[in-house]
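# A look at the structure
Now for the letters of each chain:
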Amino acid sequence: MSETPQEVHLSLAEFDREQLPLEQRAFEGDEFRDAVREHLAQQFATEGGAAEVIVTGDRIIIRWMDAKEGQTLTTIGIDYLKAGETEKGIATIKEALKRDPADHKAAFNLGMALTEQGQYQQSMELLERLLTEHPGHAQSWVALSVAQAKLNLYDACVRSLQQALSLDPKDGHAHKNLGALLASIGKLPDALVHMELAVTFLPGDVQAWLNYAKALEESGQSARADPAYQKVQNLDATGNAGKIAEEGRTRIAAQQFHQQGGTKRAIAVEYCLSALQKFEGMPKPEVQKIAFEIAMLGSRGLDLNNPSVQYQLESMPGKFSGLQLLCIQYVGFQIIQPSLDLGFDLSEEYQVALGLLGRCKD
Amino acid sequence: MSLHAATQQLIRQVEELSGKPVHVSEDPGLPTMAKMMPARRGAPAHFVSYRPGTQSVDYLVAYQLTFLIRLYSCPEADRKEVTALAIEQQRGIGEMGLAEAPPDFADMMFSRIITQLRSYSVGMRVDQWLWNQVPELRQQQEHSVRAQLKENAQALTPEIRRQFPKRLVDTNTAMNAAYAYVWSVLLDDSRFAIPYKALGYESKANALLATLREVPDAPLHDSTLIQRWADLLGLVGCFHFSPLSPE
């Protein structure tokens, strides 16, 4: 933040007790110190920016950030919000609005901050007032829609987002929110139109891609959903969205695998049988090592449909196709932790392989 | 160092009003950021000096020049300066609780408080005028004022206040509080005034600021303004106004 620190030390004994409410003026000790601290903190909060107030045995220490020249109160407040100091930001922007109720930048940012704080009703009322005076401010319509959605006012929310898009058809956030909202009420075809536009205008937005991928999958367009999930994995390799995308891709692969049936499933049986033979007599820690390495590899995505794509493991020599690795992993987990759901059901192939193994032994 | 066109314009204004040139120079030995000596007692020019390395030089020079403009805007008979006879000085030293202090220290403290009395009261007129009329220097003015506010706030530290008699401390703090209140408004940041309010200086600061509204703004009334502040600060009879020393 473009600020300079200020620090003032005052003698507690010199504090003017008349500043305190009547009932607190006779306080002594900790009670007095608490009253002084609360009073001064409140003064700063209402006078344009919060301060840290410390009251020691005999001294009051006040620290605050002094905005550099040319910064408005609204800018200071926004900087606080950006820095994650939401309470200070809200207090500062409220003060800016008190001084200039027509400051639409302040109103917009305060509305968003209130929503973040869970004060949806206040946020909605503030943004509605703002939009009465500035109906052409597209971003405020989007901000209003967020508060409305939190209050389960879906019809109003859709109207707000449509209003935002009529003002700015390239507003990616409006498309993203409207898409998510329409999907949540089962209007998938309409949702997909907005979701596709959202990822066009917000190509780096993980959530927009994840919404889009899920909606595509849900609408049965797995072939399009898979690359969308892959995009999520690329954008958020280690985060929760990446994990969800990985699960999505596994689901799609399993679905495609089962739909294809025939030769491919026979190959899977063969791979499972080969894995069972490989793991037979192998200590569990070694099995675990191999299974876990495949799981790690799989988190980056295995190509299950193209056998010419080959992978190598550190824990086991040789080159393997994606489907082969998946089968080895499945068999491995059946040995070390059979209750674990890998998200890719090979139970039928595994059972057939087990039967074949028994016959081989016979 | 070349001065801003707005500062040069003020120099020309002083020269026209006073009939004497203005000489601006650096002075590494200066204890303050800038200083002004009007042309008097045969001096060939008005001397404005500033400490090298000082930021906001144009504003600091302009501030001093505006004092001169106010002085020379008055008819010659009304151009007055603040001086103190020995008896007035002794009275002031007593009023400020410095009677028991070493004489040199007491003299220096008295001199400083009288300088602050003059420079803060009329200085607020000067600052307000510069703020409104010379926006080109506003950024420098704001920078300099913020530095001054910060420096003044440091004087609230208990260790510093304990070193001086309470009456002297109260007089100095009351003027600093008035300064903080004025700039809280101009800078749209009330926080500067809160520490002074916490120590109970708000009413005195407001009384000082009320005189700025009650006394007419014209330079001719500057001595009245200083006197009104002196009344409020317990400095009555500690100085007098004398005609600007003849050339």
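Reading guide: rules and limits
- The numbering scheme is per chain: residues are counted from 1 as the chain's sequence reads.
- Chain letters start at A and ligand numbers start at 1, both assigned in the order the entries are written.
- Owing to the predicted nature of the model, reporting of local features is limited to residues with pLDDT of at least 70; listing and counting of side-chain atom pairs is limited to 80 or more, with chain, interface and lining totals taken over all residues.
- Excluding hydrogens and water, the side-chain figures rest on all heavy atoms present in the structure.
- Segments assigned H or I by DSSP are reported as helices when at least four residues long, segments assigned E as strands when at least two residues long, and all are numbered from the N terminus.
- Burial classification: accessible surface area is computed with a 1.4 Å probe over protein chains only, and a residue below 20% of its type maximum counts as buried, one above 50% as exposed, and the rest as partly exposed.
- Per-residue and other accessible areas follow the Shrake-Rupley method at a 1.4 Å probe size, with only the shown protein chains counted as cover for residues.
- For this analysis, a salt bridge means a side-chain nitrogen from Lys or Arg found within 4 Å of a carboxyl oxygen belonging to Asp or Glu.
- Residue contacts follow a heavy-atom distance rule, with two residues in contact if any of their heavy atoms lie within 4.5 Å.
- Using a 1.4 Å probe, buried area is obtained as the accessible area two parts lose upon being combined, added over both of them.
- The definition of a polar contact used here is a pair of N or O atoms within 3.5 Å, where within protein one atom must be able to donate a hydrogen and the other to accept one, and adjacent residues in sequence count solely through side-chain atom pairs.
- Put simply, Ala, Val, Leu, Ile, Met, Phe, Trp, Tyr, Cys and Pro go in the nonpolar bin, Asp, Glu, Lys and Arg in the charged bin, and everything else, Gly too, in the polar bin.
- As used in this record, nonpolar core signifies buried Ala, Val, Leu, Ile, Met, Phe, Trp, Tyr and Cys residues forming a set joined through side-chain atoms within 4.5 Å.
- For every element, the axis is a line fit to its C-alpha atoms; helices are fit only across the contacting stretch, and the angle between N-to-C directions ranges from 0 to 180 degrees.
- Note that the term roughly parallel is reserved for angles under 35 degrees, roughly antiparallel for angles over 145, roughly perpendicular for angles of 65 to 115, and oblique for everything else.
- Should the near helix be turned anticlockwise from the far one by less than a right angle, the crossing is left-handed, and should it be turned clockwise, the crossing is right-handed.
- Two strands qualify as a pair provided DSSP detects at least 2 bridges between them.
- In this tally, Lys and Arg are treated as positive and Asp and Glu as negative; His is ignored, and so are the chain termini.
- Under the pairing criterion, centres of Phe, Tyr and Trp rings, with the six-membered ring standing for Trp, must be within 6.5 Å; the plane angle then separates stacked pairs below 30 degrees from edge-to-face pairs above 60, leaving the rest tilted.

## A word on the overall build of chain B
- Within chain B, the regular secondary structure consists of 10 helices and 5 strands.
- Within chain B, the fraction of its 247 residues that count as buried is 51%.
- In the structure as shown, chain B presents an accessible area of about 11,400 Å², 53% of it carried by carbon and sulfur atoms.

## What about the pattern of salt bridges?
- For the coordinates displayed, the defined rule picks out 19 salt bridges over all chains.
- The closest approach of N and O atoms between Arg70(B) and Asp222(B), which form a salt bridge, is 2.9 Å. Taken together, the residues span a long stretch of sequence, with Arg70(B) in helix α2 (residues 57-73) and Asp222(B) in helix α10 (residues 222-233) at a distance of 152 residues. For the pair formed by Arg70(B) and Asp222(B), the shared burial category is buried.
- Here Glu214(B) makes a salt bridge to Arg228(B), at a shortest N to O gap of 2.4 Å. Residue Glu214(B) is found in helix α9 (residues 202-214), and its partner Arg228(B) is found in helix α10; the two are separated by 14 residues along the sequence.
- Overall, Arg228(B) belongs to the partly exposed group, its relative accessible area being 30%.
- The network of salt bridges with common partners includes Arg59(A), Glu159(B) and Arg162(B).

## What to know about the environment of Leu60(B)
Residue and element names in this part refer to chain B.
- Tracing the backbone shows Leu60 in helix α2.
- As for Leu60 and Val48, which are separated by 12 residues in sequence, their C-alpha atoms are 9.5 Å apart.
- Excluding its chain neighbours within four sequence positions, the residues that come into contact with Leu60 are Met33, Ala34, Thr54, Gln55 and Ser144.

## Some remarks on the interface of chain B and chain A
- Between chain B and chain A, the contact holds 23 residues from the first and 26 residues from the second.
- Surface buried jointly by chain B and chain A totals about 2,300 Å² across both partners, of which 50% is contributed by carbon and sulfur atoms.
- Counting every contact that joins chain B to chain A gives 2 salt bridges.
- Ionic pairing is found between Glu14(A) and Arg161(B), a salt bridge with its closest N-O pair at 2.7 Å.
- Where chain B packs against chain A, one counts 5 residue pairs in polar contact (both at pLDDT 80 or more).
- Listing elements by their share of the side of chain B that touches chain A, those giving two or more residues are α5 (138-154), α6 (158-161) and α8 (194-198) of chain B.
- For the side of chain B that touches chain A, the element with the most residues is α5(B), which contributes 7 residues.
- Split into classes, the residues belonging to the side of chain B that touches chain A amount to 8 nonpolar, 6 polar and 9 charged.

## A short note on the nonpolar core
- Counting residues in hydrophobic clusters, the biggest one holds 92 residues, and the most contacted among them are Leu40(A), Ile60(A), Ile62(A), Leu65(B), Leu117(B), Met124(B) and Trp229(B).
- Of all hydrophobic cores here, the second largest spans 49 residues; its members include Leu110(A), Leu131(A), Leu192(A) and Met195(A).

## Here's the deal with the packing of helix α8 (residues 172-184) of chain A against helix α9 (residues 188-201) of chain A
Residue and element names in this part refer to chain A.
- Where α8 contacts α9, the two axes come as close as 7 Å, and the packing angle between them is 155°. Relative to α9, the element α8 lies roughly antiparallel. Both α8 and α9 take part in a crossing whose hand is left-handed. Residues Gly172, His175, Lys176, Leu178, Gly179, Ala180, Leu182 and Ala183 of α8 touch α9, and the partners they reach there are Leu188, Asp190, Ala191, His194, Met195, Leu197, Ala198 and Phe201.
- Classifying every residue of the contact of α8 with α9 gives 10 nonpolar, 4 polar and 2 charged.

## Regarding the sheet that holds strand β2 (residues 34-37) of chain B
Residues and elements named next belong to chain B.
- Reading across the sheet, the 3 strands line up as β1-β3-β2 and stay open at both edges, with mixed pairing between neighbours. The open sheet has two edge strands with one neighbour each: β1 (22-26) and β2. Neighbouring strand axes in the sheet, compared pairwise and without regard to direction, differ in orientation by 15° on average.
- Here 4 bridges tie β2 to strand β3 (residues 46-50), and the two strands are oriented antiparallel to one another. If you follow Met36 over to β3, its bridge partner there is Val48.
- The sheet strands contacting helix α1 (residues 5-18) are β1 and β3, and the helix crosses β1 at an angle near 140°.

## Focus: the side chain of Asp127(B)
Residues and elements named next belong to chain B.
- Relative to the helices and strands, Asp127 resides in helix α4 (residues 103-133).
- Comment: no salt bridge for buried Asp127; closest opposite-charge side chain is Arg138, at 10 Å.
- Only 2.9 Å separates the side chain of Asp127 from the side chain of Gln141, close enough to count as a polar contact.
- Contacts of Asp127, omitting those with residues within four sequence positions, involve Tyr59, Tyr63, Gln141, Tyr179 and Trp183.

## A short note on the packing of aromatic side chains
All names here are of chain A.
- Per the stated rule, a full pass over the model turns up 11 aromatic pairs over all chains.
- A ring pair is formed by Phe15 and Phe32, whose centres lie 6.2 Å apart and whose planes are at 65°; its orientation type is edge-to-face. Of this pair, Phe15 sits in the loop between β1 (3-11) and α1 (29-46) while Phe32 sits in helix α1; the two residues are 17 residues apart in sequence, bridging distant segments of the chain. As far as the burial class goes, Phe15 and Phe32 line up, both buried.

## Quick notes on the packing of α9(B) against α10(B)
Residues and elements named next belong to chain B.
- At a minimum axis distance of 10 Å, the contact between α9 and α10 shows a crossing angle of 160°. Classed by the angle they form, the pair α9 and α10 counts as roughly antiparallel. Between α9 and α10 the crossing geometry is right-handed. Between α9 and α10, the contacting residues are Lys204, Ala207, Leu208, Thr211, Leu212 and Glu214 on the first element and Leu225, Arg228, Trp229, Leu232 and Leu233 on the second.

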